[in-house]
Amino acid sequence: MRGSLRCSSLVVDHLLRKLSHIDVVLTKDVDHPDHCKQYFDSVVLVHQAFPALRLEDVDLRVKFLKYEVNAPVMITGMTGGHPEVYSVNEKLATIAEVLRIPIGVGSMRPVLVKRGDTAVAETYKIVRRVARDVPVIGNIGAVNLPGLDEKVFIDLVNEFELDALAVHLNPAQEVVQPEGETGFTVEVVEAVVRLAKAVGVPLIVKEVGNGLSMETVSVFYSKGIRMFDVAGACGTNWVSVEKYRLPEGDLRRVVAEALSSWGIPTPAAIVEARYVAPDATIIASGGVWDGLRAAKSISLGADLVGLAKPLLKTLLLEGYERALKFMEAYIHTLKTVMFLTSSRNTFELRRRPVVILSPLLEYLKQRGIDVNEYVMAR
């Protein structure tokens, strides 16, 4: 049916699912087993004992979605859709505005299935109301797009004053989710292309924690998409999150346990995406949970980095001030590493020496990527 999503008694369950997701993320072990430590450790930035600049000379500002933001760091989409997360999004938006960094919202499907529900809409609108001077990115599942009228999303962008719309690909999550939809067919690509032409703001094709391969990026890049969030398999594993929402004995729970470390490590996904989309904007998320990993991700080819869980967890368990300090420390660590690599800005960081060891080196070789050639061209 064009113009609307299927509405049923499942709407209430969909809204409550938002709260159960947050509870599982905070209370269960749902992260990649070692946060891909070996892969991040295999990226070695070369220390410069004489950086030829002062720390205060390092400029983290970058252009993103027509804004100049203070750091190449994005608060990626996490929450929204249930009245109880209103204050969470308000505080996250406050952090984004104070630090002048981009922010995304969680899946906006609740808005589409609950049109006219003011309480639901307000959990998203508060982000733009607070974060007036930074990019705000919406979020919708790619599998939900086929059959929908593009006007629905034009209205969504206008009503919520979005600067971009992220379209997430999450087949691993959907296949084990109790309410999951697995229609990741060619119609999804066609729907994304139609949406990109109609919506009036950039589209960001993203994963949710299992990584984008060069094959997937190539499909959408060939259709004109120029923004990607690789969301690699080094942080929160949403397959594991869904496992805890399944009853004992459910076959999907067995599948979820087998896929606890499924996906492409974030450093590898960054290179894969940049390799086939040389002029695209690449966001690196998925376990990029400190400023050193952020610097390594940018050095490998990312334009920005994104994080979600560590900030959300700090906010909910320790409060706003601690969450703000967490982000300030994250950004200052990134700045310090740039200083120690003699990088005045992210453009220079991308061109400073980097040594790639195994397992990342061996992974890239087997994927047909000439590492030396890539490092010179990134």
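Residues numbered from 1 in each chain as written. Predicted model: local features only at pLDDT ≥ 70, side-chain atom pairs only at ≥ 80, totals over all residues. Heavy atoms only, no water.

> Help me understand the overall build of the protein chain in this model?
Secondary structure summary: the protein chain contains 18 helices and 12 strands in total. Against the compact-globule benchmark of 21 Å for 378 residues, the protein chain has a radius of gyration of 20 Å, which places it among compact chains. Projected onto the principal axes, the alpha-carbon positions of the protein chain cover approximately 65 × 40 × 40 Å. Within the protein chain, the fraction of its 378 residues that count as buried is 57%. Taking the contacts inside the protein chain whose residues are at least 6 apart along the sequence as the reference set, 79% of them involve residues at least 24 apart. Here the protein chain has roughly 15,600 Å² of accessible surface; of this, 53% comes from carbon and sulfur atoms. (Helix = DSSP H or I, 4+ residues; strand = E, 2+ residues; numbered from the N terminus. Rg over C-alpha atoms; globule rule 2.2 N^0.38 Å. Buried < 20%, exposed > 50% of the residue type's maximum accessible area, 1.4 Å probe, protein only. Contact = heavy atoms within 4.5 Å. Areas by Shrake-Rupley, 256 points an atom, 1.4 Å probe, with all protein chains shown as cover.)

> Would you take a moment to explain the nonpolar core for this structure?
Generally speaking, nonpolar side chains in soluble globular proteins are found buried as a group. Ranked by internal contacts, the top residues of the largest apolar core, which has 106 residues, are Val73, Ile103, Phe153, Val192 and Phe228. Tallying contributions element by element places helix H15 (residues 320–340) first for this core, with nine residues. Among residues more than four places away in sequence, those in contact with Ile103 are Ile75, Leu92, Ala93, Ala96, Val127, Ala131, Pro135, Val136 and Ile137. Grouped together as the second largest cluster of nonpolar side chains are 10 residues, Phe64, Ile137, Met227 and Leu304 included. (Core = buried A, V, L, I, M, F, W, Y, C linked by side-chain atoms within 4.5 Å.)

> Where do I start with the environment of Tyr330 in this structure?
For Tyr330, the location among the structural elements is in helix H15. The class for Tyr330 is buried, based on a relative accessible area of 3%. Remark: the alpha-carbon pair of Tyr330 and Asp290, spanning 40 residues in sequence, is separated by 5.6 Å. When near neighbours in sequence (up to four residues on either side) are disregarded, Tyr330 contacts Val73, Val288, Trp289, Asp290, Gly291, Ala294, Val305 and Leu307.

> How do you make sense of the state of the cysteines when you look at a structure like this?
Chemically, a disulfide is nothing more than a covalent bond linking the sulfur atoms of two cysteines. For the structure on display, the rule yields one disulfide. In this model, Cys36 is linked to Cys234 through a disulfide, with the two sulfur atoms separated by 2.2 Å. Handedness of the Cys36-Cys234 disulfide follows from its S-S torsion of about -95°: it is left-handed. Pair noted here: Cys36 is in the loop between helix H1 (10–27) and helix H2 (37–41) and Cys234 is in the loop between strand S9 (227–229) and helix H10 (238–243), with a separation of 198 residues, a long-range link. Accessibility assignment for this pair places Cys36 and Cys234 in one class, buried. (Disulfide = S-S within 2.5 Å.)

> How do you make sense of unusual backbone geometry when you look at a structure like this?
Keep in mind that most residues, glycine aside, have a negative phi and that most peptide bonds are trans. A cis geometry characterises the amide bond from Ser358 onward to Pro359, with omega recorded as 15°. With respect to the helices, strands and loops of the structure, Pro359 is situated in the loop between strand S12 (354–356) and helix H17 (360–366). Although it is not a glycine, Lys66 sits at a positive phi angle of roughly 70°. On the secondary structure map, Lys66 appears in the loop between strand S2 (62–64) and strand S3 (67–69). Unusually for a residue other than glycine, Ser342 sits at a positive phi of about 60°. Considering the arrangement of structural elements, one finds Ser342 in the loop between H15 and helix H16 (346–349).

> What is the right way to read empty space enclosed by the protein from this model?
To locate leftover empty space, one rolls a probe as large as a water molecule over the atoms. Counting across every chain of the model gives three cavities of 30 Å³ or more. In this structure, the largest cavity encloses a volume near 770 Å³. Lining the largest cavity we find 46 residues, and of these Gly77, Met78, Gln173, Val208 and Trp238 sit closest to its centre. No other element matches H1, which puts six residues into the lining of the largest cavity. Counted by class, the lining of the largest cavity contains 12 nonpolar, 24 polar and 10 charged residues. Its boundaries defined by the atoms lining it, the second largest cavity holds a volume of some 80 Å³. Surrounding the second largest cavity, Met74, Gly77, Gly104, Val105, Ile137, Gly138, Asn139, Ala166, Ile204, Lys206, Asp229 and Ile283 form its lining. When contributions to the lining of the second largest cavity are tallied by element, the ones reaching two or more residues are strand S6 (136–141) and strand S8 (203–206). Element by element, the count of residues in the lining of the second largest cavity is highest for S6, at three residues. The class makeup of the residues in the lining of the second largest cavity is six nonpolar, four polar and two charged. (1 Å grid on protein atoms, 1.4 Å probe; cavity = no way out; pocket = protein on both sides within 12 Å on 5 of 7 lines; lining within 4 Å. Points joined across faces, edges and corners; volume = space filled by probe spheres on them. Nonpolar A, V, L, I, M, F, W, Y, C, P; charged D, E, K, R; others polar.)

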